[in-house]
Amino acid sequence: MKSVDIISTLRSLPAPEPDAGRMRRTLRLCRAEYRARRPLRRVGAWELMRRQLRFTILPVWALQGALLLFICLALGAARPAEELIPASASLAAELAALTALPFHSRARRYGMEEVEAAARLSRAKLTLARLGAAAVGDAVCVAAAALLSGGGWYVTLVFVATPFLLTTAVSLAALSRAGGVYSAICLGALMALGYYAAAASWSFDMLRISPLLAAGICLAAIAAIAVEMYAEIRGNGMEKRLGYEY
Amino acid sequence: MRDGELFELLEAGDISALDELIGAYYPEILRYCLRHTPTRECAEDAAQETFLNCVRHIEAYVHRGHFRAWLYKIAANACADQFRRAKDSAEPPERAADEPGYERAELKADLERALAKLPAEQRELLLLRYAHELTLREIAEIRREPMRTVQSRLRAALKALRKLM
């Protein structure tokens, strides 16, 4: 027998007529079920992010508050010895960059990433809310370090903005590539220590760097941070991590 | 009216769109259930459960043009539940698909016999594709398999059925 005949016979298999009474009963039950359901309310992007903040803000801001206190004390103590101020300011900025890391990718660390991904919440918005909460605290810490260092815009650029951006870029890159928060913290801390040592030993030489070069480094770091954050928000590589893609 | 338009009407509060949606799919879902449950009563229960589940979760379903596949997925689960329940009861099963006059058509009877001999997976594929006229994409979605896999398995199933006839 030819396949064509089989297919046409399969297509002509009898389709029994539905019982009209039973169909009416199904329709009636479905209508009742539809009316009785509790309609879901669509939550907008901002509302979702605002609601997420209460779960995120407390631990991140507590750590950043403690850091802020440390920045005030350290830079206040360094004020009499002016040569210590650039190194202290850069250390404060670098620590600010590292504060968000312990709270980053917690779902991944505790093996709950799949559960989080399966929830009907937008992963992108969740990540954005978390990053936003950490960024607000970071901005306050960096602003405090810049103000308390008492230098001009160039001192702020070289000893606050550059170390902050470089440490953030390195730690985020390590987070996505080295595959763990601990390795990201270690690499970020190494970067921070290196910059701190350079600021402590060659602060005057560092101030002679061309402003264009410093601005270029900052811009490159910002671009690298943007790329890493975009990848994080999009959830790149999640399928592979969860074993759905080889 | 197309599913998308019916969903829009339903969202706007027009409950008659729900009737139309259910009315459009009830016969084919019942037909599917008849093949996957031991009795006609079980099949009707499974079809009813399918639509009730569909209504319960209709807000979670985002309409992307895969409503049919989604409905069949619910129907498959409802049939599995019904089958389990029927298996637990002591009553002897009666084939739902054995409609009067079936044996009269020799070819159809041969086909039914051959289908019964096929492994359940191959039988399901053939019925979904040719008796229910689902697209390969819809079957792939129901079975959560790549479309190519469905295509090759369907070809193998057809070959196996041809050998049996």
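Conventions and cut-offs
- Residue positions are given per chain, counting from 1 as you read along its sequence in written order.
- For this description, chains carry letters from A and ligands carry numbers from 1, given in the order in which they are written.
- Local features are withheld for residues below a pLDDT of 70 in this predicted model, meaning they are given only at 70 or higher, and side-chain atom pairs are given and counted only at 80 or more; totals for whole chains, interfaces and linings count all residues.
- Values shown for side chains rest on all heavy atoms present in the structure; no hydrogens or waters enter the calculation.
- What makes a nonpolar core is a set of buried Ala, Val, Leu, Ile, Met, Phe, Trp, Tyr and Cys residues whose side-chain atoms join them at distances within 4.5 Å.
- For the exposure calls, accessible area comes from a 1.4 Å probe over protein chains only, and a residue counts as buried if that area is under 20% of its type's maximum, exposed if over 50%, partly exposed in between.
- The source of the domain bounds is an automatic or database domain assignment.
- We count a salt bridge whenever a side-chain nitrogen from Lys or Arg sits within 4 Å of a carboxyl oxygen from Asp or Glu.
- Only DSSP runs of H or I covering at least 4 residues are called helices, and only runs of E covering at least 2 are called strands; the numbering of each starts at the N terminus.
- Throughout, a contact is declared for two residues whenever any of their heavy atoms are within 4.5 Å.
- A simple way to read buried area is as the amount of 1.4 Å-probe accessible surface that goes missing from two parts once joined, with both sides added.
- Any N or O atom pair separated by 3.5 Å or less is treated as a polar contact, with the protein-specific requirement of one donor-capable and one acceptor-capable atom, and with residues adjacent in sequence counted only for side-chain atom pairs.
- Residues are grouped as follows: nonpolar covers Ala, Val, Leu, Ile, Met, Phe, Trp, Tyr, Cys and Pro; charged covers Asp, Glu, Lys and Arg; every other residue, Gly included, is treated as polar.

1. Things to note about the nonpolar core
1) Next: Counting 61 residues, the largest nonpolar core has A:L10, B:I29, B:F67, B:L115, B:L126 and B:L161 as its most contacted members.
2) Next: A domain-level breakdown of this core finds at least three residues from each of domain 1 (1-97) and domain 2 (100-165) of chain B.
3) Next: Core analysis: the second largest hydrophobic core is formed by 36 residues, A:A93, A:A96, A:F159 and A:C218 among them.

2. Quick notes on the pattern of salt bridges
1) Next: Inspection of every chain in the model, using the stated rule, returns 15 salt bridges over all chains.
2) Next: Ionic pairing is found between B:R68 and B:E28, a salt bridge with its closest N-O pair at 3.1 Å. Of the two residues, B:R68 is situated in helix α4 (residues 67-88) and B:E28 in helix α2 (residues 16-36); the sequence distance between them amounts to 40 residues. The pair formed by B:R68 and B:E28 is uniform in burial state, with each residue classed as buried.
3) Next: Note that B:E145 and B:R143 form a salt bridge whose closest N and O atoms lie 3.4 Å from each other.
4) Next: Since its relative accessible area comes to 18%, B:E145 is described here as buried.
5) Next: Beyond isolated ion pairs, a larger network of salt bridges with shared partners links A:R22, B:R40, B:E44 and B:D45.

3. Overview of the domain arrangement of chain B
Where interface size is given, it is often the accessible area lost as the parts come together that is meant.
Residue and element names in this part refer to chain B.
1) Next: On domain assignment, one finds that chain B holds domain 1 (1-97) and domain 2 (100-165).
2) Next: In this complex, domain 1 contributes eleven residues to the contact, which on the side of domain 2 involves 13 residues.
3) Next: Contact between domain 1 and domain 2 buries roughly 1300 Å² in total, counting both sides, with carbon and sulfur atoms accounting for 50%.
4) Next: The largest contributions to the domain 1 side of the interface with domain 2 come from R35, R68 and K73, which together make up 42% of the buried area.
5) Next: Taken together, domain 1 and domain 2 are joined by two salt bridges.
6) Next: Here R68 ties to E138 by a salt bridge, and the two come within 3.3 Å at their closest N and O atoms.

4. A look at the environment of A:E114
1) Next: Secondary-structure assignment places A:E114 in helix α6 (residues 113-118).
2) Next: Taking the C-alpha atoms as reference, A:E114 lies 8.8 Å from A:M238; in sequence the two are 124 residues apart.

5. Brief notes about the interface of chain B and chain A
1) Next: Taken together, the contact pairs 41 residues of chain B with 31 residues of chain A.
2) Next: Summed over both partners, the interface of chain B with chain A buries about 3500 Å², with 67% contributed by carbon and sulfur atoms.
3) Next: Linking chain B with chain A are four salt bridges.
4) Next: For the salt bridge of A:R22 with B:D45, the shortest nitrogen-to-oxygen distance reads 2.4 Å.
5) Next: There are six residue pairs in polar contact (both at pLDDT 80 or more) connecting chain B and chain A.
6) Next: Elements with a minimum of two residues in the side of chain B that touches chain A: α2, α3 (40-56), α5 (106-117), α6 (120-131) and α8 (147-164) of chain B.
7) Next: Of all the elements, α2(B) adds the most residues to the side of chain B that touches chain A, at eleven residues.
8) Next: In terms of residue class, the side of chain B that touches chain A is built from 24 nonpolar, three polar and 14 charged.

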